[in-house]
Amino acid sequence: MPNSRAAALTVLVASAAVLGLAPILVRLTETGPAAAGFWRFAFALPWLALLTLRAGPLGDRGPGRPSPLMALAALFFVLDLGFWHYSIAFTSVANATTLTNLTPVIVTAVAWLVFRERPRALFLLALAVALFGAWTMSAGADGRQGSNPRLGDLFAAVTALWYAGYFLTVKALRGRYAASRIMLWSTALGAPLLLGLALILGEAVPPASVAGWAACAGLGLVHVAGQGGVAWALGRLPAALTAVTVLIQPVVAAILGWLLFAETMTAAQMLGGGAVLADVVLAQWSSRRRRGPPAPTTAAA
C-alpha cells in the first residue's frame, strides 16, 4: 500500500525531527540527568493513557496488562535515557546524539553474532569506518563542549546498545499490541526506576523555576509525539528503514545546539559525524538481502 507507506514515512520523519528537541530540553530542565528522564515519563503518562482509550488496528482498547516484553522494553529505555542524559551533561549535544545513533549498526552486528545472519563484506567495511568516525568525533572535541567530553562520548556510545535492545523489543511487540499500549507500559514501568536512580545518585529532582518545569513538560510531549511516532512507524515499516530514518534526529539536535548553546563543531568532529551517519546508512544498505524476481500473481490475488 504505497499511500500507507508514504504516510508512515511522513510520520517517522516528523517524529525523528521532534526527537531532536529532546537533548535541548534535557539541558533546560534544571534537574539531574536521570530526574529529567523521570519527568519526561511522568508528563507523558496522562497523554499516553488517553491514547490507549482509542481502539487500535489490532482491536486493543484501554491499557490492558503489561507483558514481560513490555517490562524488558521499559528496562532498556531506562538504561537508554539514563546513559544518554548523562552523556548530554558531559559532552556536546551533537556528539551525544550522533554517537547514540550507532544503533542501526549494532542491530545488524547483533543479528550476525546471535542469529548467524552473516553480513556482506561491504557492511564490515562500513562498520569499521563508522567506528573510526565515532572515535574521531570524541578525539576531535576542543575541550569546551562539556565538563567531561570523553566520558560523555563513552556514555553516548553505550546508549546505542540499550536503544538497540529497546528498538528490537518494540518491533517484536508491534505485531501483537498497539503502539499506544506499548508506550504506556514501557513508560509507566520505567518511571519509578528513573526516579529511584535519581534519588540514589543524589540528583536535584524538582526543577528550580517555571522555565525548568516547562522544559520537563516539553520532554513529555516530545516523548509522546516523537518516540510514540517511531513506535507507531515500526508497525508499518521495516526496522532497518526506521532506524536509518531516525538519523534525522542528530542533525536537528546539532543545529539546535549550535543556535542555542553556541556549540561549534571542530573540523574533525564534522568529518567524524559525517562518517558515522553515512556509514550507518551504508551498513544498512549493504545488509539487505538480494531478492529474486517476484512470484507470479493471479487475478484473484
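Scope of this entry: the structure provided in the associated data block.

Thresholds applied
- Every chain is numbered independently, its residues counted from 1 as its sequence is written.
- Restriction of local features to residues with pLDDT of at least 70 applies here, the model being predicted, together with a cutoff of 80 or more for giving and counting side-chain atom pairs; totals for whole chains, interfaces and linings are based on all residues.
- Hydrogen atoms and water are omitted, and side-chain values are computed over all heavy atoms in the structure.
- Strands here mean DSSP runs of E at least two residues long; helices mean DSSP runs of H or I at least four residues long; both are numbered from the N terminus.
- In this scheme, a residue with accessible area under 20% of its type's maximum is buried, one over 50% is exposed, and one in between is partly exposed, where area comes from a 1.4 Å probe on protein chains only.
- Any two residues whose heavy atoms approach within 4.5 Å at even a single point are treated as in contact.
- All accessible areas in this document rest on Shrake-Rupley with a 1.4 Å probe, and a residue is counted as covered only by the protein chains that are shown.
- Fitted lines through C-alpha atoms serve as axes, helices being fitted only where they are in contact, and the angles separating the N-to-C directions of these axes extend from 0 to 180 degrees.
- An angle below 35 degrees is treated as roughly parallel, one above 145 as roughly antiparallel, one from 65 to 115 as roughly perpendicular, and anything else as oblique.
- Left-handed describes a crossing whose near helix is turned anticlockwise from the far helix by less than a right angle; the clockwise case is right-handed.
- Any residue that is not Ala, Val, Leu, Ile, Met, Phe, Trp, Tyr, Cys, Pro, Asp, Glu, Lys or Arg is counted as polar, Gly included; the first ten are nonpolar and the last four charged.
- In the analysis that follows, any N or O atom pair within 3.5 Å is treated as a polar contact, provided that within protein one partner can donate a hydrogen and the other can accept it, and provided that, for residues neighboring in sequence, both atoms belong to side chains.
- Note on aromatic contacts: the rings of Phe and Tyr and the six-membered ring of Trp form a pair at centre separations within 6.5 Å, being stacked when their planes are under 30 degrees apart, edge-to-face when over 60 apart, and tilted otherwise.
- Here the term cavity refers to a set of points on a 1 Å grid, laid over the protein atoms alone, in which a 1.4 Å probe fits but cannot get out; the term pocket refers to an open set having protein on both sides within 12 Å along at least five of seven lines, with lining residues being those that place an atom within 4 Å of a point.
- Grid points are joined across faces, edges and corners, and a volume is the space filled by probe spheres set on the points.
- Positive residues here are Lys and Arg, negative ones are Asp and Glu, while His and the chain termini are left out of the count.
- A pairing counts as a salt bridge when a side-chain nitrogen of Lys or Arg comes within 4 Å of a carboxyl oxygen of Asp or Glu.
- Only buried Ala, Val, Leu, Ile, Met, Phe, Trp, Tyr and Cys residues count toward a nonpolar core, and they belong to the same one when joined by side-chain atoms within 4.5 Å.

1. Observations concerning the overall build of the chain
Helices and strands together make up the secondary structure of the chain, namely 13 helices and zero strands. For the chain, buried positions account for 49% of its 301 residues. Of the contacts made within the chain by residues no fewer than 6 positions apart, 89% connect residues no fewer than 24 positions apart. Taken as a whole, the chain presents about 14,100 Å² of accessible surface, with 71% of it coming from carbon and sulfur.

2. Observations regarding the packing of helix α8 (residues 149-173) against helix α10 (residues 210-234)
With their axes 9 Å apart at the nearest point, α8 and α10 run at an angle of 50° to one another. The orientation of α8 with respect to α10, classified from their angle, is oblique. Classified by chirality, the crossing of α10 by α8 is right-handed. Only Q227, V230, A231 and L234 of α10 make contact with α8, whose side of the interface consists of Y163, Y166, F167, V170 and K171. In terms of residue class, the contact of α8 with α10 is built from seven nonpolar, one polar and one charged.

3. Observations regarding the environment of S87
Of note, S87 is situated in helix α4 (residues 68-90). Separated by 70 residues in sequence, S87 and A157 place their C-alpha atoms 9.1 Å apart. With residues up to four places along the chain from it excluded, the contact list for S87 reads A96, G152, F155 and A156. A distance of 2.5 Å separates the side chain of S87 from the backbone oxygen of W84, its partner in a polar contact.

4. Regarding the packing of aromatic side chains
Within this structure, the stated rule accounts for 12 aromatic pairs. Plain terms: the ring middles of Y163 and Y166 are 6.0 Å apart, the flat faces sit at 20° to each other, and that makes the pair stacked. Of this pair, Y163 and Y166 both sit in helix α8, three residues apart, roughly one helical turn. The class for Y163 is buried, based on a relative accessible area of 8%. The exposure class assigned to Y166 is buried, which follows from its relative accessible area of 2%. By way of ring pairs, the aromatic residues F41, F77, Y163, Y166 and F167 are connected into one cluster.

5. What to know about empty space enclosed by the protein
In the structure shown here, the tally under the stated rule is two cavities of 30 Å³ or more. Lining of the largest cavity is provided by 13 residues; of these, D80, W84, Y163, Q227 and Q249 occupy positions nearest its centre. For the lining of the largest cavity, the secondary structure elements donating two or more residues are α4 and α5 (93-100). The element contributing the most residues to the lining of the largest cavity is α4, with four residues. Of the residues assigned to the lining of the largest cavity, the class counts are six nonpolar, five polar and two charged.

6. Notes on the side chain of R40
Relative to the helices and strands, R40 is located in helix α3 (residues 33-51). Although R40 lies buried, it forms no salt bridge, and the closest oppositely charged side chain, D80, sits 6.5 Å away as judged by the N-O distance. A distance of 3.0 Å separates a polar atom in the side chain of R40 from a polar atom in the side chain of H223.

7. So, the nonpolar core
Core analysis: the biggest nonpolar cluster contains 49 residues, and F41 and Y166 have the highest contact counts within it. Elements supplying a minimum of two residues to this core: α1 (2-19), α2 (22-28), α3, α4, α8, α9 (179-200) and α10. Of all the elements, α10 adds the most residues to this core, at nine residues. Those residues in contact with F41 that lie beyond four places of it in its chain are F77, V78, L81, S186, T187, G190, A191, L194 and H223.

8. Digging into the environment of T136
Tracing the chain through its elements places T136 in helix α7 (residues 121-139). Using a relative accessible area of 10% as the deciding quantity, one classes T136 as buried. With 132 residues separating them along the chain, T136 and A268 place their C-alpha atoms 6.3 Å apart. With near-sequence residues (within four places) excluded, T136 lies in contact with A268 and G272.

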